[in-house]
Amino acid sequence: VRLGPQPYERIDRTGSIDREGHLVFRFEGQPVRAFPGDTLGSALYASGRRVFSRSFKYHRPRGLLCCSGHCPNCMMEVDDVPNVRACVHPVSGGERVRAQNVRGSLERDLLAVTDKLGGPFTPVGFYYRTMIRPRWAWPYYERFLRGVAGLGKVDKHHVRSTRFDTEHRYVDVLVIGGGSAGLKAAEHAAAEGKRVALVDEGPDLASREAGTTEFEILTPARALGIYEGGLVPVDAGTILYRFRAEKIVVATGATEQPLLFPGNDLVGIMLPGAVRRLVNYWSLKPGNSAVVVTTDDRGLEAVEDLRRASVHIAQVFDLRERRVREIAARGKKGHVRSVLVDGETFDCDLLVMSGGVQPNYSLLAQIGAKVEYDISRGIFLPSELPEGIQAVGAVTGDGISAEPPPATFNGAAKKGKCFVCVCEDVTDKDVKRAIAEGFDSIELAKRYTTVTMGPCQGKLCHLPSIRLYARENETDEAAIGTTTARPPWAPVSLGLLAGRPHEPAKRTSMHHRHKDLGARVMWTGAWRRPHSYGDPVGEAKAVHDALGVIDVSTLGKLVVRGPDAAAFLERLYTNRFADMAPGRIRYGVLETDSGRIMDDGTIARLDDETFYVTTTSTGAGAVVQWFGWWNAVWHMDVEIVDVTGALAAVNIAGPKARALMERLTDLDVSNEGIKYLDAVQGDVAGVPCLVLRIGFVGELGYEIHFASPYGEYFLDTLLERGRDLDIRPFGLEPQRVLRLEKMHILVGQDTDSESNLLEANMPWIVKWDKGDFVGKWSLEKVKERAVRENLVGFEMANGVVPAEGAQMVVDGKPGGRVTSSRWSPQLERAIGMGWVPPELAHEGAEIQIKVDGKLEAASVRLRPFFDPEGEHLRS
Amino acid sequence: MSFLLPCPNCGPRDVNEFHFQGEVTKRPKRAPTLRELTSYLYFRENVAGPQREWWYHRDGCEAWFQAERDTRTNEVLSTWIPEAGIASSQAPVVQI
């Protein structure tokens, strides 16, 4: 099969083989030899293989047809990746290649029986109309059908081994297509000093003369589409380039079209380009005796190449010179053996058919170009290109001249299946049937017959199918029109679109110390935080009895500074800040204008014009954005700086917190020196700190903020100096229990998109008399319409902990829901928070909560479960 | 959506770098009626054509700015950082 050394093999050009080298890959376990420069397809062809696949529905043998990576005929499984086009996949050696959609072997496929017997069972739409009765049986039918029809199989247990990446690229000029027109355009733009990139699918990249202008060539790389804003995603195997360019030059050329006649899918029937590539790139002899049927010069050019490869030319039909009415290919075991043309039979093992070319206008149509039918040449052409888009070469119709062939060359007699679409095994009979059933619009008929919906996406069947629709509807192609061109232009692997697995995580500057201390780490938003250090009960108990420390570096931290700082915060929060003395702290809640609770935190006034604001851990980003937006609206004289990452923070809490502080700082930490809700700046453990005396875990506590890099040192020092005070680090889980004991709401846990401050039982924090603030009007409306539900605490009668989200039952009907619930070891009670109807929102109201299908009694609590007077906090 | 949006600070950037905050709304200047409040909160002009809207350069300079964009074509006609004088009509009157 391999021809002797050809003169052009020495020339360094894409696609040609190097006989010095030797590569081996395996097909169905058997070794196949190849030269560097071979594709899997050319090497298999050289090894004598002619059947490359079995067809989608009928399991007919199929061989090389286009040899340019468009048609489905050479799709194989390569290294567990299905649907790889063998004809364009370069051999690198060692590949494991397998046939797909086959039971048995490519030569003897058991499912080929569908081609012989399937006649009455395989018309278009048959399964969907027939196998839905009885309805319950469809899943069984479906499982069967999916097994016998289709493409390659995805290995569900395959481990992802390829790493895909995305790269954003910007150039002045992006040229899509490396044919002579594309290369010329690229060279021209590069000569003008523009930054140019050219992308090309690979097999047909035209040769370039050495020493011409420099520009980047990406190959094999396929432009998948042109999206809004001129975005061009380019599939380069494992990298997806997202190209932006000032100007996009589309030089996508044209695709050879098949002719429609009975037996037009037999092995050995090829498009002229396939024949030429076999001869010119890989020095392969495509057959022994050839018949050529052509509507343009391409067929004749193929004849020249065939002669050079010493193929006997049995007959050439140039349809421009001779009118042919009937063509039928006949074969044996799926291989073409002869062709009948208008009553005359010619023996051959190669039939070259050329139905002209269709410009590849898809990318242009995607970005808004019009597509119109050119009657004289029988092709669809793009027009009215949008700004910044240029088309050159064959895609514009340049150099295309052909006699439009008839829709089909069917004679009167039945001579076998005539395929409109080889991807989906759709015949001319199927199309006629669809039209007879009323699918007369091209868009509907496409969906019903699935013509153009297979792996080639219409590259080889769109134009022929439109010709057939036109003829059957007794109209012309212009009236039928085209279907909408959509990306992707070429098949793309899902992995490439998904990109690299990406799960960003934030860690505090003390993170590794937590791990050393045995922390069980959990996700909270993007943060990784200690759930506990293995003993949540003991950790909570340590806070009540002695001393605990928790890393709260994840809190959002903002500095709000400027002459308008106090006024700014008064407009954003529901309570007052203007009357706050420097060095004092207040709790604040942010609401949206619709009255929804958005975030909460503490606000410390450091001086007249400076506030230090903390937010929830997961709300930090939203609050920074929120503050910035309102200031863009209001233009107040205030600056907002996000210091969340710059500062670390710990909360030390427990009856012995003061004792530890005394050891670490010269500050007066007595109850008079730093009062509850005081903010003081000073050195702690030698580190400049902001000490906030707040305690959301119910015991005497100091929240200490300092520069992040001190994190590990600071935590180490606390644990070391507090060892004899029985200090313990505690995690989020014990903190949840401690917070709940104090009935502190957890925004997003106890509140949702409907929750407002009045109904959340926090009316005390809404200062009605201070003028406008964000959310005030909606709260006024809530006050007018009366409260519909209330957030309250509850205590279980018998100690059962209901699930969070559990239902409350009032008079046998759903009447509320549990949002937080925990067992409190300190109180030795099951406690929680939840939403109840307002009539039950009073101390001691009896409610029932569904736990494991049974109703459990509980009673409402409105004041903190632990230390309701806050004596511990103020001690 | 894959158009480019010119950030007033950073120049043209992929729209995915930005957070979209919707059309520029008029916040009532004094305590609104329920109807005025709900239309401010929930109703939008939703024009087919040029629209003034808020954008935030989330993955960039973190600036809030306004843009005039044609909602039919996503053509961005102009972008600007609102200044005190210009946008004051949007700002609520606040009595403290």
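Just so we're clear, the structure is a prediction, and the values are computed from it rather than from any experiment.

What follows covers the overall build of chain A. The number of helices and strands found in chain A is 22 helices and 46 strands. By the compact-globule yardstick of 29 Å for 875 residues, chain A is too spread out, its C-alpha radius of gyration being 38 Å. With respect to the three principal axes, the spread of C-alpha positions in chain A is 110 × 70 × 55 Å. For chain A, the residues scored as buried account for 56% of the 875 residues in total. Carbon and sulfur atoms make up 50% of the accessible area of chain A, which amounts to about 37,300 Å² in all. Of the charged side chains in chain A, 108 are positive and 115 negative; the average position of the first set lies 7 Å away from that of the second.

All names here are of chain A. One open sheet holds the 5 strands; their spatial order is E32-E33-E34-E31-E35, and the pairing between them is antiparallel. The open sheet terminates on both sides in strands that have one partner only, identified here as strand E32 (585–591) and strand E35 (639–642). Strand-to-strand twist of the sheet, defined as the mean angle between neighbouring strand axes without regard to direction, takes the value 25°. In terms of strand pairing, E32 meets strand E33 (residues 597–607) through 7 bridges, oriented antiparallel. Following the sheet pairing, Gly 588 is matched in E33 by Gly 601.

Here the focus is the pattern of salt bridges. All names here are of chain A. The tally for this structure, following the rule as stated, stands at 55 salt bridges over all chains. For the salt bridge of Asp 79 with Arg 96, the shortest nitrogen-to-oxygen distance reads 3.9 Å. With Asp 79 in the loop between strand E5 (75–78) and strand E6 (81–85) and Arg 96 in strand E7 (residues 96–98), this pair connects stretches of sequence that are 17 residues apart. Its relative accessible area of 31% is what places Asp 79 among the partly exposed residues. Residue Arg 96 is classed as partly exposed on the basis of its relative accessible area, which comes to 46%. The closest approach of N and O atoms between Glu 384 and Lys 370, which form a salt bridge, is 3.7 Å. Separated by 14 residues along the polypeptide, Glu 384 in the loop between strand E24 (379–383) and strand E25 (389–391) and Lys 370 in strand E23 (residues 370–374) bring together distant segments of the chain. The exposure class assigned to Glu 384 is exposed, which follows from its relative accessible area of 54%. Judged by relative accessible area, Lys 370 falls into the partly exposed class, the value being 42%. Beyond isolated ion pairs, a larger network of salt bridges with shared partners links Arg 60, Arg 62, Asp 265 and Asp 425.

Turning to the interface of chain B and chain A, a few remarks are in order. Contacts between chain B and chain A engage 35 residues on the former and 29 residues on the latter. Carbon and sulfur atoms make up 58% of the surface buried where chain B meets chain A, a total of about 2,600 Å² over both sides. One can count 4 salt bridges joining chain B with chain A. For the interface between chain B and chain A, the tally reads 11 residue pairs in polar contact (both at pLDDT 80 or more). Elements that contribute at least two residues to the side of chain B that touches chain A include exactly strand E3 (19–23), helix H1 (34–42), strand E4 (50–56) and helix H2 (84–87) of chain B.

Residue and element names in this part refer to chain A. Counting through the fold element by element, Thr 295 comes out in the loop between strand E16 (289–294) and helix H7 (297–308). On the basis of relative accessible area, Thr 295 is assigned to the buried category, the value being 0%. Discounting chain neighbours no more than four positions away, the residues touching Thr 295 are Leu 259, Leu 319, Arg 320, Ser 354, Gly 355, Gly 356, Ala 402, Glu 403 and Pro 405.

Here we take up a negative patch on the surface. Residues and elements named next belong to chain A. On the surface, Asp 607, Asp 608, Glu 609, Asp 637 and Glu 639 cluster together into a negatively charged patch. Assignment of secondary structure puts Asp 608 in the loop between E33 and strand E34 (610–615). Assessed through its relative accessible area of 54%, Asp 608 is described here as exposed.

Residues and elements named next belong to chain A. Within strand E19 (residues 335–341), 5 of the 7 residues are buried, which leaves it mostly tucked inside the rest of the structure. Remark: 2 residues form the turn of the hairpin made by strand E18 (residues 327–332) and E19, two consecutive strands paired antiparallel; Lys 333 in that turn has positive phi of roughly 50°. Between the antiparallel neighbours E19 and strand E20 (residues 344–347) lie 2 residues, among them Asp 342 with a positive phi of about 45°.

On to the packing of helix H9 (residues 428–436) of chain A against helix H11 (residues 462–472) of chain A, then. To describe two helices that pack against each other, one gives the angle between their axes and the distance between the axes. Residue and element names in this part refer to chain A. Closest axis-to-axis distance for the H9/H11 pair is 10 Å, and the angle between their directions is 50°. With respect to each other, H9 and H11 are oriented oblique. Crossing handedness for the pair H9 and H11: right-handed. Note on element contacts: H11 touches H9 through Leu 468, Tyr 469, Arg 471 and Glu 472, opposite Asp 428, Val 431, Lys 432 and Ile 435.

Let us now look at the packing of aromatic side chains. For the structure on display, the rule yields 24 aromatic pairs over all chains. On the basis of an interplanar angle of 45° and a centroid distance of 6.1 Å, the ring pair of Trp 626 of chain A and Trp 629 of chain A is categorised as tilted. Of the two residues, Trp 626 of chain A and Trp 629 of chain A both sit in helix H17 (residues 620–634), 3 residues apart, roughly one turn of that helix. Each of the two residues, Trp 626 of chain A as well as Trp 629 of chain A, counts as buried. An aromatic cluster is defined as three or more aromatic residues linked by ring pairs; in this entry it consists of Phe 568, Tyr 573, Phe 577, Trp 626, Phe 627, Trp 629, Trp 630 and Trp 634 of chain A together with Trp 54, Tyr 56 and Trp 64 of chain B. Positioned above the aromatic ring of Phe 419 of chain A is the side chain of Arg 62 of chain A, whose terminal nitrogen or guanidinium carbon lies 4.9 Å from the ring centre. A cation over a ring is seen here: Arg 528 of chain A above Trp 523 of chain A, with NZ or CZ 4.5 Å from the ring centre.

Attention now goes to the nonpolar core. Residue and element names in this part refer to chain A. Core analysis: the largest hydrophobic core is formed by 54 residues, its most contacted members being Phe 261, Ile 269, Val 291, Val 293, Val 339, Leu 351 and Val 431. For this core, the element with the highest residue contribution is H11, accounting for 5 residues. In contact with Leu 351, other than residues within four places in its own chain, are Phe 261, Gly 268, Ile 269, Met 270, Val 291, Val 293, Ala 329 and Val 339. Formed by 44 residues, the second largest nonpolar core is a distinct cluster that contains Leu 3, Leu 64, Ala 86 and Ala 99.

Moving on, we come to the confidence of the model for chain A. Across chain A, the average pLDDT comes to 91, with 97% of residues at or above 70. Looking over chain A, one finds the lowest element-wise mean pLDDT in helix H2 (residues 113–117) of chain A, namely 72, and the highest in E34 of chain A, namely 98.

The next subject is the environment of Phe 866 of chain A. All names here are of chain A. You can see Phe 866 is positioned in the loop between strand E46 (854–861) and helix H22 (871–874). What makes Phe 866 buried here is its relative accessible area of 8%. Residue contacts for Phe 866: discarding those within four places in its chain leaves His 544, Gly 698, Glu 699, Glu 741, Lys 742, Gln 826, Leu 827 and His 872.

A separate point is the pairing of E20 of chain A. In regular strands, side chains alternate between the two faces of the sheet. As paired strands, E19 of chain A and E20 of chain A are joined by 4 bridges and run antiparallel to one another. When the bridges of E20 of chain A are listed, Val 339 of chain A appears paired with Phe 346 of chain A.

What follows covers the sheet that holds E5 of chain A. Within a sheet, each strand pairs with its neighbour through backbone hydrogen bonds, oriented either parallel or antiparallel. Residues and elements named next belong to chain A. Pairing within the open sheet is mixed, and its 5 strands lie in the order E2-E1-E7-E5-E6. Unpaired on one side and paired on the other, strand E2 (30–34) and E6 mark the two borders of the sheet. Here the average twist between neighbouring strands, direction ignored, is 40°. When strand E1 (residues 23–27) meets E2, the two strands line up antiparallel, connected through 5 bridges. If you follow Phe 27 over to E2, its bridge partner there is Gln 30.

Calculation notes
- Residues numbered from 1 in each chain as written.
- Chains lettered and ligands numbered in written order.
- Predicted model: local features only at pLDDT ≥ 70, side-chain atom pairs only at ≥ 80, totals over all residues.
- Heavy atoms only, no water.
- Helix = DSSP H or I, 4+ residues; strand = E, 2+ residues; numbered from the N terminus.
- Rg over C-alpha atoms; globule rule 2.2 N^0.38 Å.
- Buried < 20%, exposed > 50% of the residue type's maximum accessible area, 1.4 Å probe, protein only.
- Areas by Shrake-Rupley, 256 points an atom, 1.4 Å probe, with all protein chains shown as cover.
- Lys, Arg positive; Asp, Glu negative; His and termini not counted.
- Charge placed at Lys NZ, Arg CZ, Asp CG, Glu CD.
- Pairing = 2+ DSSP bridges.
- Axes fitted to C-alpha atoms, helices over the stretch in contact; angles between N-to-C directions.
- Salt bridge = Lys/Arg side-chain N within 4 Å of Asp/Glu carboxyl O.
- Contact = heavy atoms within 4.5 Å.
- Buried area = accessible area lost by both parts, 1.4 Å probe.
- Polar contact = N/O pair within 3.5 Å; in protein donor to acceptor, adjacent residues only side chain to side chain.
- Patch = residues over 30% accessible without salt bridge, like charges linked within 9 Å, V, L, I, M, F, W, Y side chains within 5 Å.
- Parallel < 35°, antiparallel > 145°, perpendicular 65-115°, else oblique.
- Left-handed = near helix turned anticlockwise from the far one by under 90°.
- Phe/Tyr/Trp six-rings, centres within 6.5 Å; stacked < 30°, edge-to-face > 60°.
- Lys NZ or Arg CZ within 6 Å of the ring centre and 35° of its normal.
- Core = buried A, V, L, I, M, F, W, Y, C linked by side-chain atoms within 4.5 Å.
- pLDDT = per-residue confidence, 0-100.

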